[in-house]
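Summary of the model geometry
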Amino acid sequence: MALSVKAPTELRLPVPGDGPRAAVRGSDSVRRMDAPGWGMVDDGVVARLRAIVGAEHVKVDDGAVAAFARDATPLYAARPDVVVLPGSTEEVAAVMRLATSERLPVVPRGAGSNLSAATLADAGGIVVVLTRLDRIVEVDGDELLAVVQTGVTTSALASAAAARGLLYVPDPGSKTVSTVGGNVATCAGGLRGLKYGVTRNYVLGLEAVLATGEVVRTGGRLWKDVAGYDLTRLLTGSEGTLAVITEVTVALVPMPPATGTGVAYFASLADAGRAVARIIADGVVPATLEFLDRKCINAVEDFAGLGLDRDAGALLLFGDDGASDLVEQNLSRMARSCEKEGATGVTMAREVAESEALLAARRCALPALARLAPVTVLEDVGVPRPRIAEMVDRIDAIAARHGVTVATFGHAGDGNLHPTAVLDPADEDAAARTKAVIGDIFDAAIELGGTITGEHGVGAAKLPWLPARLGAEQMALLSRIKTAFDPAGVLNPGKTGSVFEPGDDGEVGR
Amino acid sequence: MTGDDEAAAPASGPLLDPAAFARVPGQVDTGDHGAHARGIFDVELLDRCISCGFCLPVCPTYALDKDEQSSPRGRITLMRALESGRLEPDDPVLQHEASYCLGCRACETVCPAGVEYGPMLEQWRDHQWRAGHGPRLARWLRWAVERRAMLRLSGLVRRFARTRGPVSDASPHVMLGCAERALFPSVSRAAVSLVPGADAPAEQGCCGALHAHNGDSAGGRAMAERLGQDLPGTIVTTSGGCAAHVAEHLGRDRVAEISDYLTRTGWAPAGRLMTTGADGKPRPVRVSLQDSCHLRNGLGVSGQPRELLERIAEYVEAPSAASCCGAAGSYSMLRPRDSKRVLAPKLDEIEQLGVDYVVAVNPGCLLQLKQGLLARRSRVKAVHLVELLIRAA
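Note that the structure is a prediction, hence the values are computed from the model and not measured.

1. Some thoughts on the overall build of chain B
For chain B, the helix and strand inventory stands at 21 helices and nine strands. The principal-axis extents of the C-alpha atoms in chain B amount to approximately 80 × 50 × 35 Å. By the burial criterion, 60% of the 393 residues in chain B qualify as buried. Here chain B contributes 46 positive and 45 negative side-chain charges, whose respective centroids are spaced 10 Å apart.

Written out as structure tokens, the structure is:
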């Protein structure tokens, strides 16, 4: 359906009544929410939370809640009324029972490294921080799986697996800080999408607490299991709107014995795009296939001085892993595919150190761009693989039209692009223009048969554009699913699944 | 943000128009990003944080508590709330976090946006610990190290290094330090022996790092500049923390931390240090290193002390060598309990390495490790780098 929600000017809160909550200071030094429908975080609630998790794990001071006002999303912040750090699944369940009975918003939070304002407490209420649940329960080399509590960092899980010669595949850019629970909640991606898939492909089972306090265990230790709806997959990517994930069982794979990397330069992104198609048509499904546009190449070169070709229109990083002879063979084939499509230069790295040097070009993309200006808006869209070059052209045209600097890098293998806007503070209405750019980029992605988010999630930041991607029927279905899991609507309100209503001007709000 | 909050917050600067990002009219909150009201911080530094959170896993206090509030990103959020006026200047959480932070600057090494946390922490403490607000002990320490006559006289009792032989302004000048010359006089004596033709005049004050890290960055700068006059030419120091502070104010080329100096000038030992093993046979001495945070994170000097140790002994890298030991300048005195919480897992690790010595390149770390190991009656000894080098010279 032809929905166009460019300027979300008329949005409704997912609660009865209009407008934002009124946050006022109560005489009891606890801020209250006077929005109709929501309960109040008063002294009684705080006392009950303290009884559940212990007084030292409940925070209500101004400064303490201020620190939890934001995640990694630029320009979004909202202070919760109270922050709790539970130490067990039972404590999470007790907090949820209290929240549902008192009708208090609950925002589950891991490390707060998401880029879609998914942990924004925009209705106030309780932020439930899960970082204390950080135990690696087991790594089983025979069953090829690991069981971890939700607050274990992605890197800690990967290290524990590596110590047993195993690989935990999903590797989001934030893996040193992000939690496994957060990765599951956002279905985090990474650099290995094409060959290996993303987080959802590695989640076997979950322990989760429903809004009403019941603890459910979905899936388990089985690769094949079709008993009932696939709730594991439903909860994966649900962004804390359906349940609070407390434990995760993940699949591991044997560590590939060898990896190899190469770099190819092209005169234009269109050439690089054709090379990507050629690589796959020639029968290789590479573990790594990343690209940088010209602006990224120059920003990286300014920042790190790696000796990249500044005149190139695009840089393609390709790589594979597996048995060493096969890796060697696939690298040569990919290099030939690039040359056939007019690569202006190809560099191969067969040693680990050389590979690392090439990968550095991709890893520095964000730091290099972040140094250009105080505010960096890292976006995330997806298009079908053959349309990457077309999409980048459109992004450049949109950015030029609005006078905003946007550089693009991303995962060429799976069509996931990261247009990154850098905002100059001297520029008066830079934020407004950047927002317009983002809206236009989403429209363009949808037009090309793509999506408004490949791996970062919807959160509060992209919810206004979700109807354009899904259509009214799916939006309504999401709301009904949400209601089935969370009848009081307390879990992460204002995000995916929250009740939406058509706005006054006929546009679909939420 | 409601009307109430807006009324409470002073007008913010025109960096960005937050309304442009409003999803609901009137509901606007950028987390004080770009709000410049009180003039406490250098706002260009404050704006640079993109809040990605990459700093969380390397922060020693976040590792202890797993609490955003006690992470570098959380603290920058707090600094922004202070700058914008959203939090009261004497908010108890601000007070707590300004002093709970070790100031180790490990966060800077992993920051993709190049945030300079060190200077921001100094500005934060300048405000938080302004006249009459800071810890009394910090004020006393600042007073003590300003007493140049007392520092000079401590040489009578503690016998720190003296200049030997003829010297000139062109000679490398060995810095004696304030605490170090009284606590560990053998360190400066070893340094002067290792640096040929070194001048170590007794008439030199404290470098001012203690001031800068304890709420008086202006005083810290003035003392560094005075030291630059006392010690012309290259200043050789055995203290990583002082090296970083002096380099910040006098320029990187004026300062050479001792391991940096010795590797650059090609120092070579006479032989390797040996000891007797449990089987009665001689074996090489086994050593490990504790990095100085400001030397490593502020000046980027980390390979040099390792290189020197590998030349004289069997070197074993401790997995957490690069993370703070909890000394953190005067932190071990101002927050002794937290300092010990940071130190404890490190001592467990050091004891499991099977080394004879753990080597420090900063007097604060040396004292911290010595006291911690002594309290455990550990067999491992803490020494300064130059105390081992001089034995192999």
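Having seen it, we continue.
2. Points about the overall build of chain A
Counting its regular elements, chain A contains 15 helices and 21 strands. Here chain A has a C-alpha radius of gyration of 23 Å; the compact-globule value for 510 residues is 24 Å, and the two agree. Dimensions along the principal axes, computed over C-alpha positions, put chain A at roughly 70 × 55 × 40 Å. In chain A, of all internal contacts separated by at least 6 residues, the share reaching a separation of at least 24 is 70%. As displayed, chain A offers around 18300 Å² of accessible surface, 52% of which is attributable to carbon and sulfur atoms. Treating the 49 positive side-chain charges of chain A as one cloud and the 64 negative ones as another, the clouds have centres 1 Å apart.

3. Looking at unusual backbone geometry
You will see that Leu-144 of chain A, though not glycine, has its phi angle at about 55°, which is positive. You will see that Ser-51 of chain B, though not glycine, has its phi angle at about 60°, which is positive. Within the element layout of this structure, Ser-51 of chain B appears in the loop between α2 (43-47) and α3 (60-65).

4. With respect to the sheet that holds strand β6 (residues 286-290) of chain B
Residue and element names in this part refer to chain B. Reading across the sheet, the four strands line up as β7-β6-β8-β9 and stay open at both edges, with parallel pairing between neighbours. The strands lining the two open edges of the sheet, one partner per strand, are β7 (314-315) and β9 (381-384). Pairing of strand β8 (residues 357-360) with β9, which is carried by four bridges, proceeds in the parallel orientation. Its bridge partner lying in β9, Tyr-357 is registered against Lys-381. Lying over the sheet, helix α20 (residues 363-375) contacts β6, β8 and β9, oriented at roughly 165° with respect to β9.

5. Some points on helix α13 (residues 217-230) of chain B
Here α13 of chain B spans 20 Å end to end across 14 residues, near enough to the 20 Å set by a 1.5 Å rise per residue. Looking at α13 of chain B, one finds that the buried residues are Ser-217, Gly-219, Gly-220, Met-223, Ala-224, Leu-227, Gly-228 and Asp-230 of chain B.

6. Focus: the UniProt feature "domain: FAD-binding PCMH-type" (unreviewed entry) in chain A
UniProt annotation of "domain: FAD-binding PCMH-type" (unreviewed entry) refers to residues 76-255 of chain A when read in the numbering used here. Helix and strand shares over residues 76-255 of chain A are 22% and 26% respectively, and the end C-alpha atoms of the span are 39 Å apart.

7. Considerations on the environment of Leu-470 of chain A
Residue and element names in this part refer to chain A. Along the polypeptide, Leu-470 turns up in helix α15 (residues 466-485). Between the alpha carbons of Leu-470 and Thr-451 there is a distance of 9.3 Å; along the sequence they are 19 residues apart. Contact partners of Leu-470, with chain neighbours within four places excluded, come to Met-475 and Leu-478.

8. Quick notes on the domain arrangement of chain B
Residues and elements named next belong to chain B. According to the domain assignment, chain B contains domain 1 (3-134), domain 2 (137-264) and domain 3 (274-392). Facing five residues of domain 1, the contacting portion of domain 2 comprises nine residues. Contact between domain 1 and domain 2 buries roughly 740 Å² in total, counting both sides, with carbon and sulfur atoms accounting for 37%. On the domain 1 side of the interface with domain 2, the three residues burying the most area are Glu-122, Asp-126 and Trp-129, jointly 65% of the side's total. Scanning the region where domain 1 abuts domain 2 turns up zero salt bridges. Linking domain 1 to domain 2 there are four residue pairs in polar contact (both at pLDDT 80 or more). Considered class by class, the residues forming the side of domain 1 that touches domain 2 number one nonpolar, one polar and three charged.

9. A short note on the domain arrangement of chain A
All names here are of chain A. Looking at the assigned domains, one finds that chain A contains domain 1 (1-130 + 473-510), domain 2 (136-254), domain 3 (258-364) and domain 4 (372-447). Distance between the C-alpha centres of domain 2 and domain 3: 30 Å. The partner domain 3 presents nine residues to the five residues of domain 2 that form the contact. Contact with domain 3 buries surface across domain 2, with Leu-191, Leu-194 and Lys-195 losing the most and accounting together for 84% of the total.

10. Points about helix α8 (residues 269-281) of chain A
The periodicity of an α-helix, 3.6 residues per turn, causes residues three or four places apart in sequence to face the same way. All names here are of chain A. Taking 1.5 Å per residue, 13 residues should reach 18 Å; α8 reaches 18 Å between its end C-alpha atoms and fits that length. Listed as buried for α8 are Leu-269, Asp-271, Ala-272, Ala-275, Val-276 and Ile-279. End-on view of α8: buried residues confined to an arc of 150°, all on one side of the axis. Packed against the buried residues of α8 are β14 (258-266), β15 (288-293), β16 (314-322), α10 (324-340) and α13 (388-402). Once α8 ends, the next one or two residues include Gly-283, with phi positive near 95°.

11. Here we look at the side chain of Arg-105 of chain B
Residue and element names in this part refer to chain B. Within the fold, Arg-105 resides in the loop between α5 (92-100) and α6 (106-110). Of the polar contacts made by the side chain of Arg-105, one reaches the side chain of Glu-108; its length is 2.9 Å. Dropping the residues within four chain positions of it, Arg-105 is found in contact with Gly-118, His-294, Asn-297 and Gly-298.

12. A few points about the pattern of salt bridges
Within this structure, the stated rule accounts for 44 salt bridges over all chains. With its nearest N and O atoms 2.7 Å apart, the salt bridge here joins Arg-362 of chain A to Glu-290 of chain A. One end of the pair, Arg-362 of chain A, is in helix α11 (residues 352-363); the other, Glu-290 of chain A, is in strand β15, and 72 residues separate them in sequence. Note on accessibility: Arg-362 of chain A and Glu-290 of chain A belong to one class, buried. Here Glu-314 of chain B makes a salt bridge to Arg-286 of chain B, at a shortest N to O gap of 2.6 Å. Taken together, the residues span a long stretch of sequence, with Glu-314 of chain B in strand β7 and Arg-286 of chain B in strand β6 at a distance of 28 residues. The network of salt bridges with common partners includes Glu-138, Asp-140, Glu-143 and Arg-221 of chain A.

13. Observations concerning the pairing of strand β5 (residues 106-109) of chain A
All names here are of chain A. Residues Val-106 and Pro-108 of β5 are buried on one face, and the alternating residues Val-107 and Arg-109, pointing to the opposite face, are buried as well. Bridge count between β5 and strand β6 (residues 126-129): four bridges; the pairing is parallel. Counterpart to Arg-109 in the pairing with β6 is Val-129.

14. A few points about the packing of aromatic side chains
Between two aromatic rings, the relevant description is the distance of the centres plus the angle of the planes. Counting across every chain of the model gives one aromatic pair over all chains. Stacked on the ring of Trp-38 of chain A, the Lys or Arg Arg-103 of chain A has its end atom at 4.4 Å from the ring centre.

15. A closer look at the nonpolar core
Residue and element names in this part refer to chain B. Counting 71 residues, the largest nonpolar core has Val-287, Leu-309, Ile-312 and Leu-388 as the members making the most contacts within it. No other element matches the six residues that helix α14 (residues 240-250) contributes to this core. Both of domain 2 (137-264) and domain 3 (274-392) provide at least three residues apiece to this core. Among residues more than four places away in sequence, those in contact with Ile-312 are Trp-267, Pro-269, Gly-271, Arg-272, Leu-273, Leu-388, Leu-389 and Ala-392.

16. Focus: the environment of Val-404 of chain A
All names here are of chain A. Within the element layout of this structure, Val-404 appears in the loop between α13 and β20 (405-411). When the C-alpha positions of Val-404 and Asp-61 are compared, they lie 39 Å apart, and in sequence the two are 343 residues distant. Setting aside residues up to four positions removed in sequence, Val-404 forms contacts with Ala-399, Ala-421, Arg-433, Thr-434 and Val-437.

17. Description of the sheet that holds β6 of chain A
In any sheet, the strands associate via hydrogen bonds between backbone groups, in a parallel or an antiparallel arrangement. Residue and element names in this part refer to chain A. Judged by pairing direction, the sheet is mixed, and its four strands sit side by side in the order β3-β4-β6-β5 without closing on themselves. Pairing within the sheet leaves two strands with one partner each, and these edge strands are β3 (58-59) and β5. Where β3 and strand β4 (residues 82-84) come together, two bridges link them in antiparallel fashion. Looking at β4, one finds that Lys-59 is bridged to Val-83.

Reading guide: rules and limits
Residues numbered from 1 in each chain as written. Chains lettered and ligands numbered in written order. Predicted model: local features only at pLDDT ≥ 70, side-chain atom pairs only at ≥ 80, totals over all residues. Heavy atoms only, no water. Helix = DSSP H or I, 4+ residues; strand = E, 2+ residues; numbered from the N terminus. Buried < 20%, exposed > 50% of the residue type's maximum accessible area, 1.4 Å probe, protein only. Lys, Arg positive; Asp, Glu negative; His and termini not counted. Charge placed at Lys NZ, Arg CZ, Asp CG, Glu CD. Rg over C-alpha atoms; globule rule 2.2 N^0.38 Å. Contact = heavy atoms within 4.5 Å. Areas by Shrake-Rupley, 256 points an atom, 1.4 Å probe, with all protein chains shown as cover. Pairing = 2+ DSSP bridges. Axes fitted to C-alpha atoms, helices over the stretch in contact; angles between N-to-C directions. Expected span 1.5 Å × (residues − 1). UniProt positions renumbered as here; feature names shortened; annotations may be inferred. Domains from an automatic or database assignment. Buried area = accessible area lost by both parts, 1.4 Å probe. Salt bridge = Lys/Arg side-chain N within 4 Å of Asp/Glu carboxyl O. Polar contact = N/O pair within 3.5 Å; in protein donor to acceptor, adjacent residues only side chain to side chain. Nonpolar A, V, L, I, M, F, W, Y, C, P; charged D, E, K, R; others polar. Arc of directions from axis to C-beta. Phe/Tyr/Trp six-rings, centres within 6.5 Å; stacked < 30°, edge-to-face > 60°. Lys NZ or Arg CZ within 6 Å of the ring centre and 35° of its normal. Core = buried A, V, L, I, M, F, W, Y, C linked by side-chain atoms within 4.5 Å.

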